[in-house]
Every structure is written in C-alpha cells, then in structure tokens.
Amino acid sequence: SEFYGLQYGIYASSPTTYYGITVKNTIFDKNLHGAYALGMNNVWFTSNEFRVIDLENQGEDAQSNAYGLYLENCKKGYTVEGNLFRNIIGSSFNI
C-alpha cells in the first residue's frame, strides 16, 4: 500500500483502548503527517517507509508540524520496528 501527498496518510483514533491497528509494508510518501494514532492499544507499525515531506523553506511552524509517525496516548501493546524514516532530500534513520 502507498499513501502519497496527503494531509494524513493514516489518522486512527478510538474512544476506548479496545481497538488496535496494524500497518505493515506500507509507503508513506510526501505526506504532511505520515501516520497518527490516538488512544489505542495494540498498535503495530512494522517494515514501513516514511518519506517525510521537506518543509525547510516553509517556515518554522510548518517544520514543527510535519512528522512520519506519531503515537499519542497509546499506552500499551505497541510495536514500532523495522521502519525507515527519511526526509525528501535523502537523509534517513531506522526505527
């Protein structure tokens, strides 16, 4: 699967922690926010590639808002491994 040029590639939230999400072997390319999960347990992000949009010339506010993956209040049972995070100009790191 691939998400390209979106505000959010994935935006997932749950009113209870019962529901989870699994994302594997997915490309997030040039999205402002790659993937966001709120208030969920059992969140799995494995073997994905996040190509984060380069906002260097868009001002400080835009730079601080762009991200590849953000887990908020996902307190237990989450796994983030084997993912590649890179910005558009090529530098990268793995998590």
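Conventions we followed
Residues numbered from 1 in each chain as written. Predicted model: local features only at pLDDT ≥ 70, side-chain atom pairs only at ≥ 80, totals over all residues. Heavy atoms only, no water. Helix = DSSP H or I, 4+ residues; strand = E, 2+ residues; numbered from the N terminus. Buried < 20%, exposed > 50% of the residue type's maximum accessible area, 1.4 Å probe, protein only. Contact = heavy atoms within 4.5 Å. Areas by Shrake-Rupley, 256 points an atom, 1.4 Å probe, with all protein chains shown as cover. Core = buried A, V, L, I, M, F, W, Y, C linked by side-chain atoms within 4.5 Å. Phe/Tyr/Trp six-rings, centres within 6.5 Å; stacked < 30°, edge-to-face > 60°.

(A) Molecular detail of the overall build of the protein. Helix and strand content of the protein: one helix and 11 strands. Secondary structure of the protein in N-to-C order comes out as β-β-β-β-β-β-β-α-β-β-β-β. When burial is assessed residue by residue, the protein has 37% of its 95 residues classed as buried. Of all intrachain contacts in the protein linking residues separated by at least 6 positions in sequence, the fraction that spans at least 24 positions is 59%. For the protein, the exposed area adds up to about 5,900 Å²; of that, 46% sits on carbon and sulfur atoms.

(B) View of the nonpolar core. Ile10, Ile21, Ala35, Met40, Val43, Phe45 and Phe50 are the most contacted members of the largest nonpolar core, which totals 14 residues. Mapped onto this core, the elements with two or more residues apiece are strand 2 (8-13), strand 3 (21-24), strand 5 (33-38) and strand 6 (43-46).

(C) Molecular detail of the packing of aromatic side chains. A complete count under the given rule lists eight aromatic pairs for this structure. Look at Phe3 and Phe28: their rings are 5.3 Å apart centre to centre, the planes differ by 15°, and that puts the pair in the stacked class. Placement of Phe3 in strand 1 (residues 2-4) and of Phe28 in strand 4 (residues 27-29) is noted, with a sequence separation of 25 residues between them. Take Phe3: its relative accessible area is 24%, and that puts it in the partly exposed class. For Phe28, a relative accessible area of 1% translates into the label buried. Geometrically, the ring pair formed by Tyr8 and Tyr36 is edge-to-face, given 6.4 Å between the ring centres and 65° between the ring planes. Linking Tyr8 in strand 2 with Tyr36 in strand 5, this pair joins segments that are 28 residues apart in sequence. With relative accessibility at 30%, the residue Tyr8 sits in the partly exposed group. Ring pairs connect the aromatic residues Tyr8, Tyr11, Tyr36, Tyr67 and Tyr70, which therefore count as one cluster.

(D) Geometry of unusual backbone geometry. You will see that Asn42, though not glycine, has its phi angle at about 55°, which is positive. Here Asn42 shows up in the loop between strand 5 and strand 6. One non-glycine residue, Asn73, lies in the positive phi region at around 60°. For Asn73, the location among the structural elements is in the loop between strand 8 (67-72) and strand 9 (79-81).

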